[in-house]
Amino acid sequence: MSTVQAQAQQLLIGGEWVGAEGGGTYEKHDPYTGEPATIAAAAGVADAERAVEAAAAAFPEWSATPPGKRAELLNAAADLLGEHAPEVAQTMTEECGAVFGWGMFNCELAAGMLRAAAGQADLPGRQEIESQVPGLTAMAVRQPVGVVVGIAPWNAPVILATRAVATPLAYGNTVVFKASEECPRTHAAVAAAINDAGVPAGVINLITNAPEDAAAVVEALIANPKVKRVNFTGSTKVGKIIAGRAAEHLKRTLLELGGKAPMVVLGDADLDEAVNAAGFGAFMNSGQICMSTERVVIDQSIAGEFGEKLAAKASSLPYGDPRDQGTAIGPVINPAAVERIRGLLEDAKTKGARVLAGGEIEGSVVQPTVLAGVTPDMRSYYEESFGPIACLVEVDDADEAVEVANDTEYGLAAAVFSRDVDTAMGIAQRIESGICHINGSTVHDEPQMPFGGVKGSGWGRFGGQAALEEFTELRWMSVQSGERQYPI
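Rules and cut-offs
Residues numbered from 1 in each chain as written. Predicted model: local features only at pLDDT ≥ 70, side-chain atom pairs only at ≥ 80, totals over all residues. Heavy atoms only, no water. Axes fitted to C-alpha atoms, helices over the stretch in contact; angles between N-to-C directions. Helix = DSSP H or I, 4+ residues; strand = E, 2+ residues; numbered from the N terminus. Parallel < 35°, antiparallel > 145°, perpendicular 65-115°, else oblique. Left-handed = near helix turned anticlockwise from the far one by under 90°. Contact = heavy atoms within 4.5 Å. Nonpolar A, V, L, I, M, F, W, Y, C, P; charged D, E, K, R; others polar. Salt bridge = Lys/Arg side-chain N within 4 Å of Asp/Glu carboxyl O. Buried < 20%, exposed > 50% of the residue type's maximum accessible area, 1.4 Å probe, protein only. Expected span 1.5 Å × (residues − 1). Pairing = 2+ DSSP bridges. Core = buried A, V, L, I, M, F, W, Y, C linked by side-chain atoms within 4.5 Å. Disulfide = S-S within 2.5 Å. Right-handed = clockwise from strand over helix to strand, strands pointing away.

Enquirer: Any details on the packing of helix α2 (residues 67-83) against helix α5 (residues 157-170)? Residues and values, ideally.
Expert: One can describe the packing of α2 onto α5 by two numbers: an axis separation of 11 Å at closest approach and a directional angle of 165 degrees. With respect to α5, the axis of α2 lies roughly antiparallel. Crossing handedness for the pair α2 and α5: right-handed. Where α2 abuts α5, its residues R70, L74 and L81 lie against V158, T162, A166, L169 and A170. The class makeup of the residues in the contact of α2 with α5 is 6 nonpolar, 1 polar and 1 charged.

See the structure below:
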C-alpha cells in the first residue's frame, strides 16, 4: 500500500501558479490504494474567466511571435517533458493507476507531439489564387484564431493534454487547458513544461476543478466571447453536450469521443499476428484507450483456435499493483468504472457468453478477459467497456463481418487482418471509422497522422496538417493594383 502524502496542485493563470479564487480544493484518490493522491485547486467560473482574459491578453504578442521562435519554445518544452518523464510517470501511477511503462510511453509520445507541432509553426501562411479581375491579387490567408480551449481526459493523460494544446500554440493561438478531475497533477505537468520553456505569460493557462463544478466551468469557457475554438476528447455523452453549448454560440469544435473498435479477422489471417494485435489492443492500459479493441469480429472457421490463443495471451498477463515492475494490467480509474464493467460482465455471462479467460474483478483490478459467443442482445456488444475485455463475435463471411463492424454508434478506429491486402483494403473502405489499420492493432497513434472519428466518435481531426483546418482561420484577402472598372 502507498503511504505517499497527497500533493497540492494550483491553477496556472497569466504565468502565475495560484489557488482558486474562493480558496476551494478537492481530493483525487489513488485508484489502487484509495488513498488521497492530489489536493487540487477547485476552480470556479470566476477562475475560468480570469484564465480566458489572460489568454486573450497574451494573444497579440504570441500571434506576432516569429514561427521560428514559437518552434524553439515548443522544442524546449519537449526537452523539459522528457527530463521530467520518470516523475510524471510516477504521478500517473498515483492519480490514474497507470503502470510505469505506460507513463513513460505517454511522455515520449507527448514530447514527439510537441516537436511535431514545432515543425508546423510556419504552416499558417498565404496562397495566391488566380483572379479574373485585372490587376487584382487574391490570396487565401490562414491566421491564428485567438483563444483556444482544450479539454482532455485521464486515460492517456500526457499524450491527450499535449495534443489539446501543442498545435494550437504552434499556429499562434493562446490556450486555456481544462484538466481532467481525475489527473490534475499529471495534466499540470504538461502546462508546466510549456510555461517553464519560456512562453510569454498567459500563452498557456491551466484550470483544475472539482467534479461537481465541471459543467459550470466548461459552460463559462464555451460562452466567453473571447474563446474562438474548443477541442474536447472524452465520452460521447459529454461531447454531445459540449457540441450543443458551442452551437448556441456558433463556435467550432473538434471532438474525439468514444469508441467500440472492431478488429475484423478473416479466415486467411496470420493468427499469431492477429492475436498479438488483439491482446495489445484490448488489454493495454486495462483497456482504457479510446481505440481499444472492444470487439474481435472473426470468421467462424478460425474462431475456436483464435479464442484459445487469445485466452492464453490474456492469462499470461500479470495484473495487480501498478507499482510492481512486473505488472502489465493495473486498476481501472474509479469505483464507478469497476461497477460498470462488473455489470457488463454479469450481463454477458447471464445471456450465454463463454468466459475463455479472466472474467473476475479483484478490488479495482479487472482481470484481462476474453468473452466468446457475444451476441447483439448483450450490453458488451454495443456499449464501450473501457476495460480489459475482448469480445469475440463470430461471422460467416466478409460481408457479415462488415455489417457487424458497422453495427455500432461509434466510428473511431478499426482493423482488418488478412494475408490478401487488396481484400483487406476493400473491407477497410466499407468500415465506418475515421481510422482503419490493415494487419495492425486498432491502438496506434503518431503525431503527424490525421486522428479522429465519425458517427458517435466525433468530428474533426487532430494531428499533422489536418489540424490547420481546426486551429486557424482561412480568410480571403485581395490587393487591387491600378484602376478598377465598376458597373456604376
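Enquirer: Summarise the pattern of salt bridges; cite the residues concerned and give the values.
Expert: According to the stated counting rule, one finds 23 salt bridges in the structure shown. Between K69 and E72 there is a salt bridge; the shortest N-O distance is 3.3 Å. Here E72 and K69 lie together in helix α2, a separation of 3 residues that amounts to about one turn. Exposure remark for K69: the relative accessible area of 38% places this residue in the partly exposed category. By relative accessible area, which is 47% here, E72 ends up partly exposed. When the shortest N-O distance is used, the salt bridge between R163 and E256 registers 2.7 Å. You can see R163 sitting in helix α5 and its partner E256 sitting in strand β12 (residues 252-256), a full 93 residues away along the chain. Considered together, R163 and E256 belong to a single accessibility category, that of buried residues. Three or more residues are tied together by salt bridges with common partners; here these are R142, R252, E469 and E470.

Enquirer: With reference to specific residues and values, describe the packing of helix α3 (residues 85-96) against helix α4 (residues 100-118).
Expert: Put simply, α3 and α4 touch, their axes get as near as 8 Å, and they point 125 degrees apart. Between α3 and α4, the angle is such that the two are oblique. Crossing geometry of α3 relative to α4 is assigned as right-handed. Along the contact surface, α3 presents A85, P86, V88, A89, M92 and T93, while α4 presents F100, W102, G103, M104, N106 and C107. Residues belonging to the contact of α3 with α4 are distributed by class as follows: 9 nonpolar, 3 polar and no charged.

Enquirer: Quick one: what's the story with unusual backbone geometry, residue by residue and with numbers?
Expert: At S286, a position not held by glycine, the phi torsion is positive, near 55 degrees. Positionally, S286 belongs in the loop between α9 (271-283) and β14 (293-299). The backbone of K455 shows a phi angle near 55 degrees, a positive value even though the residue is not glycine.

Enquirer: Tell me about α5, and please be specific about residues and values.
Expert: Count 3.6 residues to each turn of an α-helix, and residues three or four apart come out pointing the same way. In a regular helix each residue adds 1.5 Å, so 14 residues correspond to 20 Å; α5 covers 20 Å between its end C-alpha atoms and thus fits that length. Of all 14 residues making up α5, 14 are buried, and the element is well covered by its neighbours. Among the residues trailing α5, G172 stands out with phi positive, at a value near 105 degrees.

Enquirer: Any chance you could break down the sheet that holds strand β23 (residues 472-480) for me, citing the residues and the numbers?
Expert: In space, the 3 strands of this open sheet follow the order β6-β7-β23, with antiparallel pairing throughout. Edge positions in the sheet fall to β6 (126-129) and β23, since each has one partner strand and no second. Across the sheet, the mean angle from the axis of one strand to that of its neighbour is 25 degrees, orientation sign disregarded. When β6 meets strand β7 (residues 136-144), the two strands line up antiparallel, connected through 4 bridges. Its bridge partner lying in β7, R126 is registered against V141.

Enquirer: Which residues make up the nonpolar core, and what values do they have?
Expert: In this structure, V165, F177 and I194 are the most contacted members of the largest nonpolar core, which totals 66 residues. In contact with F177, not counting residues within four places along its chain, are G150, I151, A152, A161, A164, V165, H187, N205, L206 and I207. Formed by 35 residues, the second largest nonpolar core is a distinct cluster that contains V332, V366, A401 and I431.

Enquirer: So what's going on with the state of the cysteines? Residues and values would help.
Expert: A full pass over the atoms with the stated rule returns 0 disulfides. C183 supplies the cysteine sulfur nearest to C96, a cysteine that is in no disulfide, at a spacing of 4.5 Å.

Enquirer: Give me the lowdown on the pairing of strand β8 (residues 147-151), citing residues and values where you can.
Expert: Within β8, 5 of the 5 residues are buried, which leaves it mostly tucked inside the rest of the structure. Neither face of β8 is open: one carries V147, V149 and I151, the other V148 and G150, and all of them are buried. Across 5 bridges, the pairing between β8 and strand β9 (residues 174-178) is parallel. Paired with V149 across the two strands is V176, which belongs to β9. Regarding the hand of the β-α-β motif, the stretch spanning β8, α5 and β9 is right-handed. Bridge analysis of β8 against strand β11 (residues 227-233) gives 5 bridges, and the strand direction is parallel. Across the sheet, V147 pairs through a bridge with V227, a residue of β11.

Enquirer: Tell me about the environment of F386, and name the residues and values.
Expert: Mapping F386 onto the fold places it in the loop between α12 (379-382) and β19 (389-395). For F386 and A337, which are 49 residues apart along the polypeptide, the C-alpha to C-alpha distance reads 8.1 Å. Apart from residues no more than four positions distant in its own chain, F386 is found in contact with W154, N155, S286, G287, Q288, I289, C290, E294, R340 and I341.

Enquirer: Quick rundown of the sheet that holds strand β4 (residues 25-29)? Include the residues and the values.
Expert: Overall, mixed pairing links the 3 strands, which are arranged β1-β5-β4 in an open sheet. The open sheet is flanked by β1 (7-9) and β4, the only strands paired with a single partner. Strand-to-strand twist across the sheet, computed as the mean angle between neighbouring axes with direction ignored, equals 25 degrees. Note that β1 and strand β5 (residues 36-41) share 3 bridges and pair parallel. Pairing of Q9 across the sheet is with A40, part of β5. Here helix α6 (residues 184-196) sits on the sheet in contact with β1, β4 and β5, set at roughly 55 degrees to β1.

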